[in-house]
Amino acid sequence: MDYDWIVVGSGFGGSVSALRLAEKGYRVAVVECGRRFRDEDFARSTWNLRRFLWAPALGLRGILRMTVFRDVFIASGAGVGGGSLVYANTLYRAKPAFFTHRQWPGGQDWAAALAPHYDTAERMLGATPVPHDSDGQKLLREMAGAMGVPETFVRTSCAVYFGEPGVTAPDPFFGGEGPPRTGCERCGACMVGCRVGAKNTLVKNYLWLAERRGVEVIPDREVADIRPLGAADGSGGYRVETVRPGAWLAKGRRALTARGVVVAAGALGTNRLLAGCKLRGSLPALSGRLGHLVRTNSESLLAVTLPDDRLAPWNDVAISASIHPDPDTHIEFVTYGRHGDFMSQLTTLLVGDGTRLTRPLRLAGAILSRPVGFLRSLWPFGWSRRTLIILVMQSLDNALRFRARRGLLGGVRLATEQDEGNPNPTYIEAGNRAALWLAKRTGGLAQSMVLEAVANIPSTAHILGGAVIGRDAASGVVDARNRAFGYENLLVCDGSTLPANPGVNPSLTITAIAEHAMSHVPAKAA
């Protein structure tokens, strides 16, 4: 075998898996479809599409992947370090309802079982409470009071080094074993790519330590197929086929072999890869529940652009505080800093509830009634430094389904459909109320995501599920230790395994569940 374990993907689950397997004595490779970034390689502005967006077939090899389905618009990460390169650094533990969801296998208290792994994840990711105030926080605190929930305002726990701004210091997190770090300058560009070196991306913790323990990271290679060697259940190992991502013709197919595989390509990538393996017959014994219980964290995204520069909402980390207008709903203000104006292309005038038919009509009515505001919304320059994005998350039980289909050129395409019993929401009233309040308070312009307004398609930055933990193959795709039903030494360790909406930013929970899974893998025999 080329390796003992191959890890597919270098996001939160993949990086945890790589480090812990290496610590147990295994030879490990991490295959990542994205490129490797140094701090100075990130885009200075979101208009630098080649370094910001991920669409390799078009020559764009950045950190943000945008995918549109009939029922959801998904933003996700790409590159060595996965979603940690583009996420908002926010580290919350899941809400209590998450741990008691009926999808979890019975027999243990999941809150208690995951608690020590949350502790480890917080230490490894450098979770630190935001130490400063900001204009965005002041507005959010005021909103909480207006909503009658001032006690719910809290500053976030962030994966950021809040040292002396702009000053580089020796590793502050791992007793000198980690890389030097530079103090946060509060530029707000966490989701454009932190060029300062303050953001605790996975390449500065889990992956940094993993590579120093011999893990080989293979960037710019996309896993196209996983197939057992010998025994059909994978007990004889696996052949992992990789290609050049985005290649039109010369795909440069290569094969690697390993005794075990950890699939950690992110919820979207893992669902697409495993669905293709099942459809082609490479992994036919995967559970029929693959693609079910896909979650969006029950999210809605809105925005308000302030009328002038009297306030500086950009002068912060991406997310520095949150409130709960009700027990199931979590609201955060988000910034892209001063150089995120490209993201304005995803917004339009605020539109209320409706259907695929009526919401475009509502948008037309809004344009006719507010032509000046509409023209303002089309001007992108200066949008980012004046705009607060409103991220709404809920812990409610709703879902989508991914259904795999064969593509025209022999590949596999995913399509979405709503869960019949608990469909994913296309509109969240609490989010619209928050946008209207903020617009009125500041004299700003309230905005919906353009796909939500014109096609009733909600957006999420946190796609989850599809290969969820379950009691058996009839209820889930992996067991309580993230082992795929029907196979030996095949694990899934990323957001696709989450059995419910956590109702908060999920990165810490994904990390904790991966730590839990890796704690059950035995050390390599001498």
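Residues numbered from 1 in each chain as written. Predicted model: local features only at pLDDT ≥ 70, side-chain atom pairs only at ≥ 80, totals over all residues. Heavy atoms only, no water.

Trainee: Any chance you could explain the environment of Ala453 here in plain terms?
Mentor: Turning to its location among the elements, Ala453 is positioned in helix 12 (residues 450-455). By relative accessible area, Ala453 is classed as buried at 0%. Once the C-alpha coordinates of Ala453 and Thr347 are considered, the two residues, 106 residues apart in sequence, prove to be 8.7 Å apart. Setting aside its immediate chain neighbours within four residues, Ala453 contacts Thr348, Val351, Arg359, Pro360, Leu363 and Ser448. (Helix = DSSP H or I, 4+ residues; strand = E, 2+ residues; numbered from the N terminus. Buried < 20%, exposed > 50% of the residue type's maximum accessible area, 1.4 Å probe, protein only. Contact = heavy atoms within 4.5 Å.)

Trainee: Explain helix 11 (residues 429-442) here, please?
Mentor: Within an α-helix, residues lying three or four positions from one another point in the same direction, as the helix has 3.6 residues per turn. With 14 residues, helix 11 should cover 20 Å at 1.5 Å per step; its first-to-last C-alpha distance of 20 Å lies within 8% of that length. All of the buried residues along helix 11 are Ala430, Gly431, Asn432, Ala434, Ala435, Leu438, Ala439 and Thr442. Contacts from the buried residues of helix 11 go to helix 5 (135-146), strand 17 (300-305), strand 19 (329-334), strand 21 (387-394) and strand 24 (445-449). Where helix 11 ends, the next residue or the one after it, Gly443, has phi of about 75°, a positive value. (Expected span 1.5 Å × (residues − 1).)

Trainee: Teacher, can you tell me more about the packing of aromatic side chains here?
Mentor: The description of an aromatic ring pair uses the distance of the two centres, along with the angle that the planes make with each other. Tallying each qualifying case throughout the model produces 13 aromatic pairs. Arranged with centres 5.4 Å apart and planes meeting at 90°, the rings of Phe98 and Trp104 form a pair that is edge-to-face. Note on Trp104: relative accessible area 4%, which makes it buried. Ring geometry for Tyr161 and Phe173: centres 6.2 Å apart, planes at 80°, overall edge-to-face. Taken together, the positions of Tyr161 in the loop between strand 9 (157-159) and strand 10 (168-169) and Phe173 in the loop between strand 10 and strand 11 (181-182) put the pair twelve residues apart, joining distant regions of the chain. What makes Tyr161 buried here is its relative accessible area of 15%. Ring-pair connections join several aromatic residues into one group, and the members of that group are Phe98, Phe99, Trp104, Trp110 and Tyr118. Looking at Arg141, its charged tip hangs above the ring of Phe153, at a distance of 4.3 Å from the centre. When the ring centre of Trp314 is taken as reference, the NZ or CZ atom of Arg338 above it lies at 4.3 Å. (Phe/Tyr/Trp six-rings, centres within 6.5 Å; stacked < 30°, edge-to-face > 60°. Lys NZ or Arg CZ within 6 Å of the ring centre and 35° of its normal.)

Trainee: Explain the pattern of salt bridges here, please?
Mentor: Between side chains of opposite charge, a pair can form as their charged atoms come close. A complete count under the given rule lists 31 salt bridges for this structure. Each of Arg20, Glu23, Glu177, Arg213 and Glu515 takes part in a single network of salt bridges with overlapping partners. (Salt bridge = Lys/Arg side-chain N within 4 Å of Asp/Glu carboxyl O.)

Trainee: Honestly, the sheet that holds strand 8 (residues 154-155) in this entry has me stumped. Any pointers?
Mentor: Backbone hydrogen bonds are what pair the strands of a sheet, in a parallel or an antiparallel way. Read from one edge of the open sheet, seven strands run 8-18-19-21-17-24-20, paired in antiparallel fashion. Single-partner strands in this sheet number two, and they are strand 8 and strand 20 (347-349). Alignment of strand 8 against strand 18 (residues 321-326), held across two bridges, turns out to be antiparallel. From the neighbouring strand, Val154 faces strand 18, where its bridge partner is Ser322. Relative to the sheet, helix 5 contacts strand 8, strand 18, strand 19 and strand 21, its axis offset from that of strand 18 by approximately 15°. (Pairing = 2+ DSSP bridges. Axes fitted to C-alpha atoms, helices over the stretch in contact; angles between N-to-C directions.)

Trainee: I would appreciate a short explanation of the environment of His292 in the present structure.
Mentor: Within the fold, His292 resides in the loop between helix 7 (266-280) and strand 16 (294-295). His292 sits 148 residues away from Lys440 along the chain, and the two C-alpha atoms are 41 Å apart. If we ignore the near neighbours within four places in the chain, the residues touching His292 are Leu400, Arg401, Gly466 and Val468. A distance of 3.4 Å separates the side chain of His292 from the side chain of Arg401, its partner in a polar contact. (Polar contact = N/O pair within 3.5 Å; in protein donor to acceptor, adjacent residues only side chain to side chain.)

Purely geometric numbers; function is a separate question.
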